[in-house]
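# Structural overview
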Amino acid sequence: MIRRHSRSAMFMHWFNAICWIFLLFSGFALLAGEMQPVGQWWRNLWVGIFGDRGLLVAHLAVGTIWVAVYVLYILLFCRREVLPFLREVTTFHMKSDIEWCMKKGLWLVVGPKRTMKMGIDPTLPPQGFYNAGQRMVAVIAVIASVGLAVTGVVMGFFSGNVDYAVSETVLQWCIFIHFCCAGIMAIFLPVHIYMAALAPGEGPALRSMFTGFVPEHHAEHHNPLWYASLKKNS
Amino acid sequence: MARYVMVIDSEKCMNCKACIIACQQRNHVPYGISRNWVHETDSDSSPCGSKFQPGACMHCDDPSCVRACPTGATWKAADGTVEIDRSRCIGCGSCIEACPYHARFRHPVTGTADKCDYCHGSTPGQTPACVAVCPVHCRIFGDADDPSSEVAKVLASRKAVHIIPVGSGAKPTLTYLDTTTPAELPAGNTVSHPVDTMRPLAKGVTWVGGLVLAALTGTFVRQLVKSSEKEDEEIAAEKKAASSADKHEKEDNA
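Described below are features of the structure shown in this document. A quick note: this is a predicted structure, and the numbers were derived from the prediction, not measured.

Once that is clear, we can look at the interface of chain A and chain B. Interfaces are often described in size by the accessible area the parts lose on coming together. In this assembly, 43 residues from chain A lie in contact with 51 residues from chain B. Contact with chain B buries area across many residues of chain A, yet Met35, Lys113 and Gln172 of chain A alone supply 17% of it, more than any other trio. Remark: the boundary between chain A and chain B carries 4 salt bridges. Counting across the chain A and chain B interface gives 16 residue pairs in polar contact (both at pLDDT 80 or more). Going through the elements one at a time, α1 (7-30), α3 (52-76), α5 (94-109), α6 (112-117) and α8 (168-198) of chain A are the ones with two or more residues in the side of chain A that touches chain B. For the side of chain A that touches chain B, the element with the most residues is α8 of chain A, which contributes 14 residues. Looking at the side of chain A that touches chain B residue by residue, the class counts come to 29 nonpolar, 7 polar and 7 charged.

All names here are of chain A. On the surface, Val38, Trp41, Leu45, Ile49 and Phe50 cluster together into a nonpolar patch covering about 490 Å² of accessible area. Its place among the elements puts Trp41 in helix α2 (residues 40-50). The class of Trp41 is exposed, set by a relative accessible area of 53%.

What follows is about the sheet that holds strand β8 (residues 139-143) of chain B. Whenever strands of a sheet pair, they do so through backbone hydrogen bonds, lying parallel or antiparallel. Residues and elements named next belong to chain B. The 4 strands lie next to each other as β8-β1-β10-β9, forming an open sheet whose pairing is mixed. Edge positions in the open sheet fall to β8 and β9 (160-161), since each of these has one partner strand only. Strand direction decides the pairing type here: β9 and strand β10 (residues 175-177), joined by 2 bridges, are antiparallel. Each bridged residue has a counterpart across the sheet, and for Val161 the counterpart in β10 is Tyr176. Helix α5 (residues 150-157) rests against β1 (4-8), β8, β9 and β10 of the sheet, and its axis sits at about 110° to β8.

It is worth spelling out the packing of aromatic side chains at this point. One pass over the full model with this rule turns up 21 aromatic pairs over all chains. Geometrically, the ring pair formed by Phe11 of chain A and Phe15 of chain A is stacked, given 5.9 Å between the ring centres and 15° between the ring planes. Pair noted here: Phe11 of chain A and Phe15 of chain A are both in helix α1, with a separation of 4 residues, about one helical turn. Measuring from ring centre to ring centre gives 5.4 Å for Tyr4 of chain B and Phe141 of chain B, while their planes differ by 15°; the resulting arrangement is stacked. Pair noted here: Tyr4 of chain B is in strand β1 and Phe141 of chain B is in strand β8, with a separation of 137 residues, a long-range link. Classification of Tyr4 of chain B as partly exposed rests on a relative accessible area of 27%. In this structure an aromatic cluster arises from ring pairing among Phe22, Phe25, Trp41, Trp42, Trp46 and Phe50 of chain A. Positioned over the ring face of Phe129 of chain A is Arg4 of chain A, at 4.2 Å from the centre of the ring. When the ring centre of Trp75 of chain B is taken as origin, the NZ or CZ atom of Arg88 of chain B, which lies over that ring, is 5.5 Å away.

Each value, and the rule that gives it
- Residues numbered from 1 in each chain as written.
- Chains lettered and ligands numbered in written order.
- Predicted model: local features only at pLDDT ≥ 70, side-chain atom pairs only at ≥ 80, totals over all residues.
- Heavy atoms only, no water.
- Contact = heavy atoms within 4.5 Å.
- Buried area = accessible area lost by both parts, 1.4 Å probe.
- Salt bridge = Lys/Arg side-chain N within 4 Å of Asp/Glu carboxyl O.
- Polar contact = N/O pair within 3.5 Å; in protein donor to acceptor, adjacent residues only side chain to side chain.
- Helix = DSSP H or I, 4+ residues; strand = E, 2+ residues; numbered from the N terminus.
- Nonpolar A, V, L, I, M, F, W, Y, C, P; charged D, E, K, R; others polar.
- Patch = residues over 30% accessible without salt bridge, like charges linked within 9 Å, V, L, I, M, F, W, Y side chains within 5 Å.
- Areas by Shrake-Rupley, 256 points an atom, 1.4 Å probe, with all protein chains shown as cover.
- Buried < 20%, exposed > 50% of the residue type's maximum accessible area, 1.4 Å probe, protein only.
- Pairing = 2+ DSSP bridges.
- Axes fitted to C-alpha atoms, helices over the stretch in contact; angles between N-to-C directions.
- Phe/Tyr/Trp six-rings, centres within 6.5 Å; stacked < 30°, edge-to-face > 60°.
- Lys NZ or Arg CZ within 6 Å of the ring centre and 35° of its normal.

Spelled out as structure tokens, the structure:
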């Protein structure tokens, strides 16, 4: 078995997952009319549980905890985890990354046999610690998270604040950016959940988010470049 | 269900502003701002040199403020009133920007949007303060669908006039009788661009999100029926069998 995730990274992953899902669900429930992307029933469901004011307070409270814990994590683990993670996810190899995404899509949707019949070799280009899909979603998630956190803090602090007022135009742009970031993540989050938890062959990777370890053969097969660098360093 | 309407005979107004003071008092609106107003227009035909036009929230049908609100904190109620729920309002000011009559403002104490609600919030069931206090009875309020009400009677017997800001397309329910000055209001900003753009974006999220979920469900079912991992194993077994057959053939030839 090879250690893949530190305890702090695992904690932040699951903390993030719980907060994200709650914030996304409750955030969409705060919207109304033509700006409600799920449907009025969704709003009624959440307002029924939390009440009108309670829903806003719960969204703000969880959002504040999420931002605070993340700021603390970034400060404490900046060199050890945050910067290496950012370096890893922003290292793109365009040609092979696009090839990986297309072939992985074909592998899942039409299967390797039909892919071969189409004259395409289904062998995936070798990947490092993160595969191309994970790196792409990670970059989008980081940008969306920064957008959500900054606009969320501005709205949370200044909305209805009569002592420290900010221009209403600023608040309106904050709502817009907050909604755009949440909308993008609402589209990518289910893809991540399927690819990481439900797609065939991802069991060991999912278990590693709880244990921190992956079997050697799994790393060799799914992340050959990372496996090779581990072998080289050891 | 009642359909509440305010009717104003502005020719009677003498600009005493008792309606503004009464509204501020009853609804605890701080001095310096008000839920209602009296517009003054210079006029040679008036004995005092000015014409007066009392006004307040027009309680429009299909109101632009309701369309602008992202949280549903304001809505057109079944009784014709445009209401605000402060517990839902996040104070973004989109509705304030969207009102072509500038009838809304940010309450300096609550930080939320505020406007005339026919005094429903402060004294439900009572006549609005501005109507009760008017010494010349130029404001009339009631259920327009009740034929015995004063409002229904004046609406049936006199000409109804609505003032609409240029280019706004507003559908006010506050009605003036026979004539009023000014006859129309200047155009103003009626759209909060960032919040207005959220409407088509929300549709985009619905459709793209729905398509992604459908595609993922389809892929999940496909993998349940026939796993790509199993296909990989079959391909590997076929390759292995082919290579061993090849090896045997080579050995036989040798």
